[in-house]
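# Coordinates in review
Each chain is listed here by its residues.
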Amino acid sequence: MQTKELPLRVSEAVGDVAALLERPRDARWLLVLAHGAGAGMRHAFMEALPRELADCGVATLRYQFPYRQHGRPRPDPPAVLIATVRAAIAAAADAVPDLLLLVGGKSLGGRMTSHALAERRGPAASDVSARVRGLVFFGFPLHAPGKPGATRVNRNPGIA
């Protein structure tokens, strides 16, 4: 498997975060993979998942959110998280244009990915968003802990 570390520019104001591209020789798909709120891209789950996916012909690009990159305990505001997701999708599309593109993440990362795509549907959608072939979620929380009535599911009809 080919492994490459990439700096990922979120924005001029936010700066760069780390990203890791892992591509098996027989890859057909690329999953842009965001981590959950409690652990970064180097968490044991986030390290094991790309190895398992590689056996299925799926390359991964996993990346840090800025708060994890800088050692802060609380997640960034949603606008920063969504900007990071968009930057990661664009970087993945540029780095590996020959693979079909999937996006998603673990928990918070999956939620922010769904929001990033939901906001990019319609005539203003970028070419990169149009290349996305599917969403993949791991440990997706449908509601906040102890609050089953407060759903976190995006009800945007543009997301299947």
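The text that follows walks through the structure, step by step, so that each part is easy to find. Counting of residues starts from 1 at the beginning of each chain's written sequence and follows it residue by residue. Reporting of local features is limited, given that this is a predicted model, to residues whose pLDDT is at least 70; pairs of side-chain atoms are given and counted only at 80 or more, and all residues count toward the totals for whole chains, interfaces and linings. Side-chain metrics rest on all non-hydrogen atoms present in the structure, leaving aside hydrogens and water.

## Some details on the overall build of the protein chain
Within the protein chain, the regular secondary structure consists of five helices and six strands. For helices the rule is a DSSP run of H or I covering at least 4 residues; for strands it is a run of E covering at least 2, with both sets numbered from the N terminus onward. When its helices and strands are written in sequence order, the protein chain yields β-β-β-α-β-α-α-β-α-α-β. We call two residues in contact when some of their heavy atoms are within 4.5 Å. In the protein chain, the share of contacts with a sequence separation of at least 24, taken over all contacts with a separation of at least 6, comes to 68%. Accessible surface, the protein chain: about 8,200 Å² in total, of which carbon and sulfur atoms supply 54%. For the area figures, the Shrake-Rupley method with a 1.4 Å probe applies, and any residue is considered shielded solely by the protein chains shown.

## Side note on the packing of aromatic side chains
Each aromatic pair joins two rings of Phe, Tyr and Trp (for Trp, the six-membered one) with centres within 6.5 Å, and gets the label stacked for planes under 30 degrees apart, edge-to-face for over 60, and tilted for any other angle. Tallied over the entire structure, the rule returns two aromatic pairs. Judged by centre distance (6.0 Å) and plane angle (65°), the rings of Phe-45 and Phe-138 are edge-to-face. Note that Phe-45 is positioned in helix α1 (residues 44–54) and Phe-138 in strand β6 (residues 132–138), a separation of 93 residues in sequence. Lys-106 extends its terminal NZ or CZ atom over the ring of Phe-45, reaching a point 5.7 Å from the ring centre. Here, over-ring charges are defined by two tests on the NZ atom of lysine or the CZ atom of arginine: distance to the ring centre within 6 Å, and angle to the ring normal within 35 degrees.

## Section: the environment of Val-32
Position of Val-32 relative to the elements: it lies in strand β3 (residues 29–34). Each residue's exposure class comes from its accessible area (1.4 Å probe, protein chains only) as a fraction of the maximum for that residue type: buried when under 20%, exposed when over 50%, partly exposed otherwise. Among the residues examined, Val-32 registers a relative accessible area of 2% and is labelled buried. Residues Val-32 and Thr-113, 81 residues apart in the sequence, show an inter-C-alpha distance of 9.4 Å. Not counting residues up to four positions away in its chain, the partners in contact with Val-32 are Leu-61, Tyr-63, Ala-88, Ile-89, Ala-92, Leu-101, Leu-102, Val-103 and Gly-104.

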